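Listed below are the residues making up each chain.
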Amino acid sequence: MTFSAPPPHQQWPPPMSTPPPPPGAPRPRRGGFAAAVLAGALVVGGGAGLGGAALWSAIDDGNSSADSGASTSVPLQVADGASGDAPAGSVEQVAKAVLPSVVSLDVSSGGTAGSGSGVVLTQDGLILTNNHVVTLAGAIAADGAKITVSFSDGSTATGTVVGTDPLTDTALVQAEDVSGKTPISIGKSTNLDVGEQVVAIGSPYGLDSTVTSGIVSALDRPVEVGRDDSGNTTAYPAIQTDAAINHGNSGGALVNMQGQLVGINASIQTAEDGNADGGSIGIGFAIPIDEVVPIVEQLRNGDTPTHARLGIEVQDADGGAAVHSIEDGSAASEAGLREGDVITKVDDHAVDSSGALVATVRSYRPNDSVTVTYVRDGQTRTTRLALGSDAT
């Protein structure tokens, strides 16, 4: 799947660009966006000059994987200028194909600065990244901040925020006055298998065009990344990988060995010494691209992103997520769920905590039909329902 040039859309006022580093000079090391973990909790940011790191928490779901379809084999299109002598299906060949489609993003506002990564979606410079990359100390980058997009060919451009979605940690940036860039090929994250080889590309600590490789360590790993202004939890069923991901990798590409984008790198876990600036210990998380594509389409069309919801409040319970309250007229109410029911599964996805339920529901779209398994009065029951929407 590839993205064509976006239709006209409402853009926020373009920020001023920062001067690019001189040719051949190393990029300054600044606060890098990507996650680190404090005693088992994931954080984003945490670099020099950042006004405090946003705490992320990993949900211990008790499951390391979920069923997935077999990967599809697609011929790799080697980028123009590549020598073509890299072994087929090798990390070298994947890197040559994908590097032109990954950018570095430098963001600064009010004396605060950070850097992250992004992925090229269209030839005219539409960039996919994380919401937390274009956010500094809670302020959206459009509010007087400066964004500089640095491409692999050495060119730079001013970036303008097209739209953001905190609930999926997704953002779009438009690079101004560019053309002929190399869009990445979009794959299917549902085709991933545990143990499959993957490659991560981004700009850790400002080191542009860094390539690391590893495997898919787990699938559907529930990761909670915070809450929005309304108290809604930001969580997703993450791809876990041991490919090295560090500060600055956030927003960069996780690709399969066909060079197809399967995830957006977003967070890592570090050692339990409480060092927010710690590097990779081989536990990184990426947002599955299948969850991101619908949000991208809404953002580029100027629409408010929508998300699936059950319409309930839940809390942790032994073996699942206990229903604490139910909204009248919600999907859960219409399906007959009651307060005190303990949800243990959505379709084939096991649910062993409230966070796991949020992450699982987030992987669906409004109006999707699902089977919910729950326990009431010691008996296991199921109900079929169409998920609601948070659209107002």
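This is a predicted model, so every value here is computed, not measured.

**Comments concerning the overall build of the protein**
Looking only at helices and strands, the protein has four helices and 27 strands in total. Surface summary for the protein: the accessible area is close to 16,000 Å², and the carbon and sulfur share equals 47%.

**Digging into the side chain of Ser104**
As for its placement among the helices and strands, Ser104 is situated in strand 5 (residues 102–109). Judged by its relative accessible area of 2%, Ser104 falls in the buried class. In this structure the side chain of Ser104 is engaged in a polar contact, spanning 3.4 Å, whose partner is the side chain of Asp208.

**Looking at the pattern of salt bridges**
Under the counting rule described, the total for this entry stands at seven salt bridges. With a closest N to O distance of 3.5 Å, Lys96 and Glu92 form a salt bridge. Of the two residues, Lys96 and Glu92 both sit in helix 1 (residues 91–98), four residues apart, roughly one turn of that helix. For Lys96, a relative accessible area of 22% translates into the label partly exposed. Among the salt bridges present, the one from Asp290 reaches Lys188, with a minimum N-O distance of 3.9 Å. A residue pair is termed long-range when its members are at least 10 positions apart, and Asp290 in helix 2 (residues 289–300) and Lys188 in the loop between strand 13 (185–186) and strand 14 (197–202) qualify at 102 residues.

**Description of the environment of Glu291**
One can find Glu291 in helix 2. With relative accessibility at 17%, the residue Glu291 sits in the buried group. Discounting residues that sit within four places of it in the chain, Glu291 has contacts with Arg362, Ser363 and Tyr364.

**Here's the deal with the confidence of the model for the protein**
Predicted coordinates in regions of low pLDDT should not be interpreted in detail. Across the protein, pLDDT averages 77, with 71% of residues at or above 70. Here strand 3 (residues 54–55) is the element of the protein with the lowest mean pLDDT, 26, and strand 17 (residues 253–255) is the one with the highest, 97. Predicted confidence for residues 1–83 stays below pLDDT 50, and this span has 233 contacts to residues more than four positions away or in other chains.

Definitions and cut-offs
Residues numbered from 1 in each chain as written. Predicted model: local features only at pLDDT ≥ 70, side-chain atom pairs only at ≥ 80, totals over all residues. Heavy atoms only, no water. Helix = DSSP H or I, 4+ residues; strand = E, 2+ residues; numbered from the N terminus. Areas by Shrake-Rupley, 256 points an atom, 1.4 Å probe, with all protein chains shown as cover. Buried < 20%, exposed > 50% of the residue type's maximum accessible area, 1.4 Å probe, protein only. Polar contact = N/O pair within 3.5 Å; in protein donor to acceptor, adjacent residues only side chain to side chain. Salt bridge = Lys/Arg side-chain N within 4 Å of Asp/Glu carboxyl O. Contact = heavy atoms within 4.5 Å. pLDDT = per-residue confidence, 0-100.

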